[in-house]
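Structural description and commentary
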Amino acid sequence: MKEKLSAFHATILIYMTQVGVFSFSLPRMLAQHFGTNGWLAIFILAAFVFLNTAIIAVVYRLSKGKSVFETLERSIPKIVLFPIYLCLCCFWVTIGCLAAKEYIFIFQIIAFPSTHPMIFMFIFCMLAYLLINKGIYNIAKVSTVFYIITVWILFLFFFYYHDFKWTRLTPFIFQGGNPDKIKGFFDVYPAFLGYELTLLLFPYADKKTHLMRSAFISSGLATIVYAFIAFVSFGFFGLGYLKVLQYPILVLFAYVHLPLIERIENLLYGFLLFTTMITTVMNSWAAVEVGKRMFPKLKTAVLSFLIILFGYVISFIPEGLMEAQRWLHYAAYIEIGLAFGFPIALILLLLIQRSRGEFQS
Amino acid sequence: MNKRWPGLLLTLAMLTGCDDQHILERTGFCHTISYDLLPDHNFKIGLSVPKADPNSKTDREVLQAIAHSSKDSQPKLVRQTSLLLVNGQLRNLLFSLPLAEGGLLDQMDTLSRDPSIPPKVKITLADGDAYDLLKKNYKEHPRTDRYIYTLLEKEAAYQTVPEATLYEFIRDYYDDGIDPIAPIIKDAGDTITVSGVGLFRGDRYITRIKPDDLHILALLRHNLRHADMTIHLASEGQHKELITFNYLKSDRKIDVLRDKSGKPVVMIHIKASGSVLEYIGKLKLHSDADRNTLLQQAARHLESRAEEMIKFMQDNKVDSIGIGAYVRNSMSYASWKKLDWYEEYAHLTVQCRVDLNIINSGQTL
């Protein structure tokens, strides 16, 4: 029998896909868009994440765990699907590689500023390629290892206890932020993205995986972690300072001062490579999954190489951090649409199939 | 084939080290930077770089450049040394008072933008020329940059002089309920001494607290953990009465009440306790009645001095103890935004209540 994802691995995998470059600037974005006690907005956003996950759960139930591509191909001719697949494939690998490029640009703020970023990107893509080739089960296991490597960083947040002041939090809720809260929602929501790839995990899960429960738990975990980081940041920096900090997490790391070692932010930031790596790998893996539908006869190794190569070439385009950020934001807007739109479309399709009796056959 | 991958990857990873090299012996780790404002509005920027070379006659290089900005001075400073200057171990930033009077925001913006500068770097004000202070060698003391740093570090550890770091300064600047502070040092001939604490309104230096009042400022600004404090109850002619608390712990609480007209009234409660290892006066520490009288006297004395200090700050419109944050949190956001805080602050009623307690009074009765 084919190996299936375990519930624990699936939870960690989805969580690690969610946590990535967006989380580095998350406290600042919350401060800019939501103002005082912006960290509370995390819970509002989480409600939408859970709603979206519930929609995906409906797809899972209606399709009885069958691959979403099978569902699509049952009703829609391949010739129509091909351009959609092509777009999805290119889009997912692009979003993965843009996240990687942004990570590298941020890394170069603190280390190796004069090295060409595409050298780092090359190594990053190579690692991603090696991991994708190992298949989803191994990616899940590796992400668990990566999770263990990075999770302890959260305990460093107790280091800020002395400089944390409740008065800095203020009793005001969502005051002094950007009046356009809808934009704020769309700018902060991408920090949660990654859970929508659960759609592609259907064939790799069985009843024991409790895939949708894993998706809910991982989103819950991301919510708690984000709320905690943002809460500490608001009490440590205060609203005004937080609004002008590009990457508050980097300054928090730089503040850690151990008796024998200091300036460990380079090291700590290096650890966050692992979270970004899983984000990139999972998005590229999704692209490969779509690619397999377009070119079923092509070897997976060749296909994933071509897809990663495409991502690498695309990542040449943003030449600066701000450009990479802008691209990633635009891509994230589309991904939000996809995260809600794709499962809704699938539900409609599944209902049509059911009414026609196609599904039973 | 699979076995070759790790080797290839490792080689590639190692190769990245061939670029962006920083060789320790050729690197100068800047320790302290001084900033002075010149009459033509340019800056005189000084740099103290410790030297690790055992063959060198001096233990540091002190460089100086006239420039339009801190980064503008960098190439001029670099031209004077064989070392590659880096900021990763920067410990102290010394600003002259005239420069601080004009505002430090531009400097702070550059400093906080640079990721190589640690957020824990100290912000210090210099009475007189900052560069001259940094350049001078003090025979009986360690290297001047290190001397200043350890002096301030020790003072901060014993909580007599509040610590001011880049992070704290910028954080308090951006917070609308508190103003930044920074210690002031001066050349006292053979030594360097702390000559007060500078009080800022926004990023501009306004006035200072004298060294004798620093413990009052410390009590008002934050909770103390192990401070030493001498309270002079009387010092007229030959009649002296003083009490010294060691290992003093204090808890500060600020309440905002409203008077009949709805105006805020600020109550500052300070609870402090410590060991008394010195008392000069007529009362007996082992007598309960005497001890209570003494504590009451000392508490009233601290209250009046604290209120004097707050009045001084109100007159200068500097909110160095962060009363604004408590007033802000006691009202609605819209009312706070409408309020001209510094005007309101200048006329605010602030009262202090001090509770003192003696934990022990040493080995003798």
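Residues numbered from 1 in each chain as written. Chains lettered and ligands numbered in written order. Predicted model: local features only at pLDDT ≥ 70, side-chain atom pairs only at ≥ 80, totals over all residues. Heavy atoms only, no water.

1. Here's the deal with the overall build of chain A
Regarding its fold elements, chain A presents 16 helices and 0 strands. When the backbone C-alpha atoms are referred to their principal axes, chain A occupies close to 65 × 45 × 35 Å. Out of the 361 residues belonging to chain A, those deemed buried represent 60%. Within chain A, counting contacts between residues at least 6 apart in sequence, those at least 24 apart form 86% of the total. One finds the centroid of the 27 positive side-chain charges in chain A at a distance of 9 Å from the centroid of its 16 negative side-chain charges. (Helix = DSSP H or I, 4+ residues; strand = E, 2+ residues; numbered from the N terminus. Buried < 20%, exposed > 50% of the residue type's maximum accessible area, 1.4 Å probe, protein only. Contact = heavy atoms within 4.5 Å. Lys, Arg positive; Asp, Glu negative; His and termini not counted. Charge placed at Lys NZ, Arg CZ, Asp CG, Glu CD.)

2. Points about the side chain of Asp203(B)
Residue and element names in this part refer to chain B. Its location among the elements puts Asp203 in the loop between strand S9 (192–201) and strand S10 (204–209). Buried within the structure, Asp203 lacks any salt-bridge partner; its nearest side chain of opposite charge belongs to Arg204, at an N-O separation of 4.5 Å. Here Leu105 takes part through its backbone nitrogen, which lies 2.9 Å from a polar atom of the side chain of Asp203. Not counting the four nearest positions on each side in its chain, Asp203 is found in contact with Ala100, Gly103, Leu104, Leu105 and Tyr173. (Salt bridge = Lys/Arg side-chain N within 4 Å of Asp/Glu carboxyl O. Polar contact = N/O pair within 3.5 Å; in protein donor to acceptor, adjacent residues only side chain to side chain.)

3. What about the side chain of Ser34(B)?
When you line up the elements, Ser34(B) lands in strand S2 (residues 32–37). Apart from residues no more than four positions distant in its own chain, Ser34(B) is found in contact with Lys44(B), Ile45(B), Gly46(B), Leu94(B), Ala130(B), Tyr131(B) and Leu134(B).

4. Section: the interface of chain A and chain B
Accessible area lost upon the coming together of the parts is a frequently used measure of interface size. In this assembly, 33 residues from chain A lie in contact with 30 residues from chain B. Taken together, the two surfaces of chain A and chain B that pack against each other cover about 2900 Å², and 66% of this comes from carbon and sulfur. By the criterion of area lost to chain B, the three top residues of chain A are Phe172(A), Tyr241(A) and Arg263(A), representing 22% of everything that side buries. At the boundary of chain A and chain B, one finds 1 salt bridge. With its nearest N and O atoms 3.8 Å apart, the salt bridge here joins Asp163(A) to Arg171(B). Counting across the chain A and chain B interface gives 4 residue pairs in polar contact (both at pLDDT 80 or more). Where the side of chain A that touches chain B is concerned, the elements lending two or more residues are helix H5 (78–110), helix H6 (117–133), helix H8 (166–169), helix H10 (211–237), helix H11 (239–244) and helix H12 (248–255) of chain A. In terms of residue count, the dominant contributor to the side of chain A that touches chain B is H6(A) (7 residues). (Buried area = accessible area lost by both parts, 1.4 Å probe.)

5. Quick word on the sheet that holds strand S7 (residues 122–126) of chain B
Residues and elements named next belong to chain B. Pairing within the open sheet is mixed, and its 8 strands lie in the order S4-S3-S2-S6-S7-S8-S9-S10. Edge positions in the sheet fall to strand S4 (60–67) and S10, since each has one partner strand and no second. Put simply, the sheet's adjacent strands are angled 30 degrees from each other on average, direction ignored. The pairing of S7 with strand S8 (residues 181–187) spans 2 bridges and is parallel. If you follow Ala126 over to S8, its bridge partner there is Ile185. Lying on the sheet, helix H2 (residues 70–78) is in contact with S2, strand S3 (43–50) and S4; it crosses S4 at an angle near 125 degrees. (Pairing = 2+ DSSP bridges. Axes fitted to C-alpha atoms, helices over the stretch in contact; angles between N-to-C directions.)

6. Side note on H5(A)
For H5(A), built from 33 residues, the straight-helix expectation of 48 Å at 1.5 Å per residue is met to within 8% by its first-to-last C-alpha distance of 48 Å. Where H5(A) terminates, the next one or two residues include Phe112(A), which has phi positive at roughly 45 degrees. (Expected span 1.5 Å × (residues − 1).)

7. Some details on the pattern of salt bridges
Applying the stated rule across the entire model yields 27 salt bridges over all chains. Two residues, Lys253(B) and Asp255(B), come together in a salt bridge whose shortest N-O distance is 3.6 Å. Several salt bridges share partner residues, and in doing so they unite Asp163(A), Arg171(B), Asp172(B) and Arg221(B) into one network.

8. Observations regarding the packing of helix H14 (residues 273–294) of chain A against helix H15 (residues 300–314) of chain A
Residues and elements named next belong to chain A. Contact geometry for H14 and H15: axes closest at 10 Å, N-to-C directions at 125 degrees. What the angle tells us is that H14 and H15 run oblique. The handedness of the crossing between H14 and H15 comes out as right-handed. Mapping the contact onto sequence places Ser284, Ala287, Val288, Gly291 and Lys292 in H14 and Thr300, Leu303, Ser304, Ile307 and Ile308 in H15. Here the residues of the contact of H14 with H15 sort into 5 nonpolar, 4 polar and 1 charged. (Parallel < 35°, antiparallel > 145°, perpendicular 65-115°, else oblique. Left-handed = near helix turned anticlockwise from the far one by under 90°. Nonpolar A, V, L, I, M, F, W, Y, C, P; charged D, E, K, R; others polar.)

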